[in-house]
Amino acid sequence: MRLSVPNIPPSILSKSALRKTQGVSSAEAVQRIASFLSLGHTAVLTGAGVSVDSGVKAYRGKDGRYMNPDYKPIFYQELIEDSPRGYSFRQRYWLRSYIGFLPVRRTIPNPTHHALAALQHAGVVGPLITQNVDGLHHAALRRILSEPEVDQRILELHGSIFKVNCQHGHVYPRTVFQAWLGEANPHWRTFLAELERTGAQPKTNPDGDVVLDESVSYDDFVVPHCPSCEGEGRRNSIIKPDFVFFGETIRQDVKDRSYSIVEGANRLFVIGTTLATYSAFRLLKRALELRKPVLYLNVGPTRADGLPGVDKLEIPTSAVMADVVHAVV
Ligand SMILES: [Zn+2]
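An unreviewed UniProt entry annotates the chain as DHS-like NAD/FAD-binding domain-containing protein of Russula ochroleuca. Its UniProt record gives the chain the following Sequence similarities (unreviewed entry) comment, quoted word for word: "Belongs to the sirtuin family. Class I subfamily." Under the heading Subcellular location (unreviewed entry), UniProt records this for the chain: "Mitochondrion".

Undergrad: Tell me about the side chain of Ser 258, and name the residues and values.
TA: Topologically, Ser 258 is positioned in helix H11 (residues 252-264). Looking at Ser 258, its side chain comes within polar contact range of the main-chain oxygen of Lys 255, at 2.6 Å. Setting aside anything within four residues of it in sequence, one finds Ser 258 in contact with Ile 129, Leu 155, Leu 157 and Leu 283.

Undergrad: Let's hear about helix H12 (residues 278-289): which residues, and what values?
TA: In a regular helix each residue adds 1.5 Å, so 12 residues correspond to 16 Å; H12 covers 16 Å between its end C-alpha atoms and thus fits that length. Residues of H12 that are buried: Ser 279, Ala 280, Phe 281, Arg 282, Leu 283, Leu 284 and Ala 287. Looking at the packing, one finds that the buried side of H12 touches strand E1 (42-46), strand E2 (125-130), H11, strand E7 (267-271), strand E8 (294-297) and strand E9 (310-313). The first or second residue beyond H12 is Arg 291, which carries a positive phi of 60°.

Undergrad: Summarise the sheet that holds strand E4 (residues 159-166); cite the residues concerned and give the values.
TA: Judged by pairing direction, the sheet is antiparallel, and its 3 strands sit side by side in the order E5-E4-E6 without closing on themselves. Of all strands in the sheet, those bounded by a partner on one side alone are strand E5 (171-173) and strand E6 (239-243). Going across the sheet, the axis of each strand differs from the next one's by a mean of 40°, ignoring polarity. Relative to the sheet, helix H4 (residues 84-106) contacts E4 and E6, its axis offset from that of E6 by approximately 45°. Its contacts with the sheet place helix H8 (residues 174-184) against E4, E5 and E6, and it is angled at close to 85° to E5.

Undergrad: Tell me about the packing of H11 against H12, and name the residues and values.
TA: Contact geometry of H11 with H12 gives a least axis separation of 9 Å together with a crossing angle of 35°. Between H11 and H12 the crossing geometry is right-handed. Across the interface between the two elements, Lys 255, Ser 258, Tyr 259, Val 262 and Glu 263 of H11 pack against Arg 282, Leu 283, Arg 286 and Ala 287 of H12. Residue composition of the contact of H11 with H12, by class: 4 nonpolar, 1 polar and 4 charged.

Parameters and conventions
- Residues numbered from 1 in each chain as written.
- Predicted model: local features only at pLDDT ≥ 70, side-chain atom pairs only at ≥ 80, totals over all residues.
- Heavy atoms only, no water.
- UniProt positions renumbered as here; feature names shortened; annotations may be inferred.
- Helix = DSSP H or I, 4+ residues; strand = E, 2+ residues; numbered from the N terminus.
- Polar contact = N/O pair within 3.5 Å; in protein donor to acceptor, adjacent residues only side chain to side chain.
- Contact = heavy atoms within 4.5 Å.
- Expected span 1.5 Å × (residues − 1).
- Buried < 20%, exposed > 50% of the residue type's maximum accessible area, 1.4 Å probe, protein only.
- Pairing = 2+ DSSP bridges.
- Axes fitted to C-alpha atoms, helices over the stretch in contact; angles between N-to-C directions.
- Left-handed = near helix turned anticlockwise from the far one by under 90°.
- Nonpolar A, V, L, I, M, F, W, Y, C, P; charged D, E, K, R; others polar.

Below is the structure:
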């Protein structure tokens, strides 16, 4: 099986470079978004672009290409391999993630998250599907609604950075697992406490793993075993974050729910994403097949560029979304 990091097809990027950007004034964009949303039950699909203002790095820059060409994610099959090689992948992953979780935990929702939460609360937009694993839509809506209501209104298509799971279905809050990692690795816990004390910012990737110095050895890092598995008489260190890795498929129930959200809405509002990932792109395709109007808000090329039925506005979300709330609510 050939595995690759999802990317925007080069043909679209080159066409897009030739196409003249349709910039709009923020007043015009606000008016067009507001009239689109006020027409009915809208589903929302978001991506990394909405979290950039919270300091979460996007994988792709304005030209749609990877910002860090050397970025090599760990693939699902490597992380769950039941072998010494698999364990060393987990050592590397979890050490970087242990350090990288610190800035992730500090991020807070930005005006775009709050605007979308306000629109959801006012009933202007319906359910929201996000490709982000950063929990920031949850954090914004949690200020207004209870946790079960929040879970009902937001679908995290690719999972969440705030949970971990083992291969036997045991799920733990990430903060709990973080503490276990610290207990098993006291000298890294000291290192992390020092980072926290000095406020130094390690360089992180969007899924929260940190970029460590080449000289760092991962060999002595201890990945804790799953305690529930241990209780069932099994030693199991195959624990992964509860989000979809490169090379991993989305759970069927999540996929079904994402389709039913799009099918149940009258229209689709896509915001802050290139839709390079097929699991998200196929939702837009589904909306178009069903002839639902699509409004697309993103700066830079996307996989949907040039598709008939997609109305695209090239303007940063932060410039308009708060005003959209005032215009609609
Ligand atoms: Zn387990």
